[in-house]
Amino acid sequence: MKIIHVADFHLGASPIKLEADKKRERKKEIIDNFYRLIMYAKEHGIKAVIIAGDFFDVKEPRIKIAQRIKEEIEEAKDISFFYLRGNHDEGVFDNEALPENLHLFSKDVFSFFEIEAGVCICGKEITENSAGYDFDGLRLDPLKINIVVLHGNLIKGVPVLKDDINIKNLENKNIDYLALGHIHKRSEGVIDERGSYAYSGCIEGRGFDEAEEIVYRLKNVTSSEKVKDKENSFYEAGKSEGSSSKETLKRESTASEETLKRESTASKLVRINESFESDKEYYKGFYVYDTESKQKEFVSFCKRRIFNLRIDLTGSKSENEALSVIKDMVADAKEKMPCISAIDIVRVTLEGKVDYNFTTLSDRVVNLFGDRFFYFEVKVKLSKFYNASDYLEDKSFIGEFIRTVMESIDNEEQRALIIETGLKVFKRKEGKR
Ligand SMILES: [Mn+2]
């Protein structure tokens, strides 16, 4: 039997700042996700769906949304839904008529559901005013497949908050799978020799705090290309002769023929982290747990992905150069990261230290890429790098400061740091005058 484990839909929550029509669209598609999930379950023969809390964003969701969810559940008669309410949606659906295939959990005791012979789902909601979960009532038959549902922080040690779950208290309780909600980033691990746990994460990211980060740094890259057309290549060779370009032409002799290779060195943005390469590894979606194999599989399911492309521009010489390497990088990204597409939500964060003014950079990057994605923004976290040699001859307090540091500090790294810090202070004081 296959079971979906999903959590943290936060239905009804506001997505990131968008224009009015896009905001409506985004809100709608976050709610549509649940219907898409039901369709997925039907297509894949899934018989049960566990919702591990924060299904709704608030304790009193809009009647229209709540009603629609109930109708969608009722229509999917062949699937049983097990909804454990979290800290955001505490008490939702209490004292309401529910579809027969929708089951809620309680705060007071562990609720048990035997969903098929030998397969048990149980769970307990967060109890008010208590430090951590109380697992005294958790008695599981070692001969059954036991799935436990909880919403809170998995910790090692003494619980402090009411939603703290001490993993030690769950050891040797015959748990096969612990389906967790609350933490929006997907993660998984083991409880003991028998059981494992997983946070499915939220199904759809809303803000950039839930973005996948990709980090780029500026590096000198030497690339060589073979020049195919001989005539053409000689013409090109003639052109580059005497120019100040770093391009060089090498003649390579092989047994049969001569080919020309052009080598050029250019600054390029190179990706630093390799956390994910494909759609599947992207962390927004749900788990499918198979009670027969006791294996879980993650399914990436979000409609739009949120990316923060952090670009370190240290080493760039001008706004124009910065713009050109960013242009190359985004063109490259389409090839190298097919997971970023036009429907996604993308932020470019510009970081690092440069020694030029970058007042128009943000607008120019927005102009280049603004309409390529569902939403695009640029955040500038660049800082100005001060060049000590500019002040070395100055008959001023700053000049005196630089000369003193140059004479008395040998360590280059230390010197740079002191000069930079000092100049920042001087510049700030200058500005106040
Ligand atoms: Mn929560």
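Residues numbered from 1 in each chain as written. Predicted model: local features only at pLDDT ≥ 70, side-chain atom pairs only at ≥ 80, totals over all residues.

Draft legend 1. Spatial organisation of the overall build of the protein. Each helix and strand in the protein was counted, giving seven helices and 22 strands. Burial statistics for the protein: of 433 residues in total, 29% are counted as buried. Across the protein, contacts joining residues at least 24 apart in sequence account for 69% of those joining residues at least 6 apart. (Helix = DSSP H or I, 4+ residues; strand = E, 2+ residues; numbered from the N terminus. Buried ≥ 20, exposed ≤ 12 C-beta atoms within 10 Å, placed from the backbone. Contact = placed C-beta atoms within 7 Å.)

Draft legend 2. Representation of the confidence of the model for the protein in the model. The share of residues in the protein with pLDDT of 70 or more is 85%, and the mean pLDDT across the chain is 84. Confidence drops under a pLDDT of 50 for residues 229-248, and excluding neighbours within four residues, the segment shows eleven contacts in the predicted structure. (pLDDT = per-residue confidence, 0-100.)

Draft legend 3. Inspection of the sheet that holds strand S1 (residues 2-6) at higher detail. Pairing is mixed across the open sheet formed by six strands, whose spatial order is S4-S3-S2-S1-S16-S17. Strand pairing shows two members of the sheet lacking a second neighbour, strand S4 (102-104) and strand S17 (295-300), which therefore form its edges. Taking each pair of neighbouring strands and ignoring which way they run, the sheet shows an average axis angle of 20°. Here S1 pairs with strand S2 (residues 48-51) via four bridges, running parallel. (Pairing = 2+ DSSP bridges. Axes fitted to C-alpha atoms, helices over the stretch in contact; angles between N-to-C directions.)

Draft legend 4. Up close: the nonpolar core. Grouped together as the largest cluster of nonpolar side chains are 52 residues, with contacts concentrated most on Ile50, Ile51, Phe82, Val149, Leu178 and Ala179. Ranked by residue count, the leading element in this core is strand S7 (residues 145-151), at five residues. Apart from the residues lying within four places of it in its own chain, the contact partners of Ile51 are Val6, Ala7, Phe81, Phe82, Tyr83 and Leu84. Ile311, Leu313, Val325 and Tyr375 belong to the second largest nonpolar core, which has 25 residues in total. (Core = buried A, V, L, I, M, F, W, Y, C linked by C-beta atoms within 7 Å.)

Draft legend 5. Region of interest: the packing of helix H1 (residues 20-43) against helix H2 (residues 63-75). Two elements in contact, H1 and H2, have axes separated by 11 Å at closest approach and are oriented at 5°. Relative to H2, the element H1 lies roughly parallel. When H1 is examined against H2, the residues Ile31, Phe34, Tyr35 and Ile38 are found in contact with a partner set consisting of Ile65, Ile69 and Glu72. When grouped by side-chain class, the residues that make up the contact of H1 with H2 number six nonpolar, no polar and one charged. (Parallel < 35°, antiparallel > 145°, perpendicular 65-115°, else oblique. Nonpolar A, V, L, I, M, F, W, Y, C, P; charged D, E, K, R; others polar.)

Draft legend 6. Representation of the pairing of strand S18 (residues 306-312). Of all seven residues that make up S18, six are buried, and the element is covered over most of its length. Pairing of S18 with strand S19 (residues 345-351) involves seven bridges; the strand directions are parallel. Paired with Ile311 across the strands is Leu350, a residue of S19.

Draft legend 7. Structural detail: unusual backbone geometry. At Phe93, a residue that is not glycine, the phi angle is positive and equals roughly 75°. With respect to the element layout, Phe93 can be found in the loop between strand S3 (80-83) and S4. At Lys294, a position not held by glycine, the phi torsion is positive, near 60°. Relative to the elements of secondary structure, Lys294 occurs in the loop between strand S16 (285-290) and S17.

Draft legend 8. How the structure looks around the sheet that holds strand S12 (residues 196-199). Read across the sheet, six strands follow the order S5-S6-S7-S10-S12-S11 without closing on themselves; strand pairing throughout is mixed. One side of each edge strand has no neighbouring strand; the edge strands of this open sheet are strand S5 (111-116) and strand S11 (187-190). Neighbour-to-neighbour, the strand axes of the sheet open up by a mean angle of 20°, direction not taken into account.

Draft legend 9. H1, seen in detail. Here H1 is 24 residues long and its end C-alpha atoms lie 34 Å apart, about the 34 Å a rise of 1.5 Å per residue gives. Along H1, the largest kink reaches about 30° and is centred on Ile31. The complete set of buried residues in H1 reads Arg26, Ile30, Phe34, Leu37 and Ala41. Structurally, H1 contributes buried residues whose contacts are with S1, S2 and H2. Downstream of H1 by one or two residues, Gly45 has phi in the positive range, about 60°. (Expected span 1.5 Å × (residues − 1). Bend = angle between axes of the 7 residues up to and from the residue.)

Draft legend 10. Representation of the environment of Thr349. Tracing the chain through its elements places Thr349 in strand S19. Residues Thr349 and Val378 lie 29 residues apart in sequence; the distance between their C-alpha atoms is 5.8 Å. Non-local contacts of Thr349, meaning those with residues more than four positions away in its chain, are made with Asn308, Arg310, Ile311, Lys379 and Lys381.

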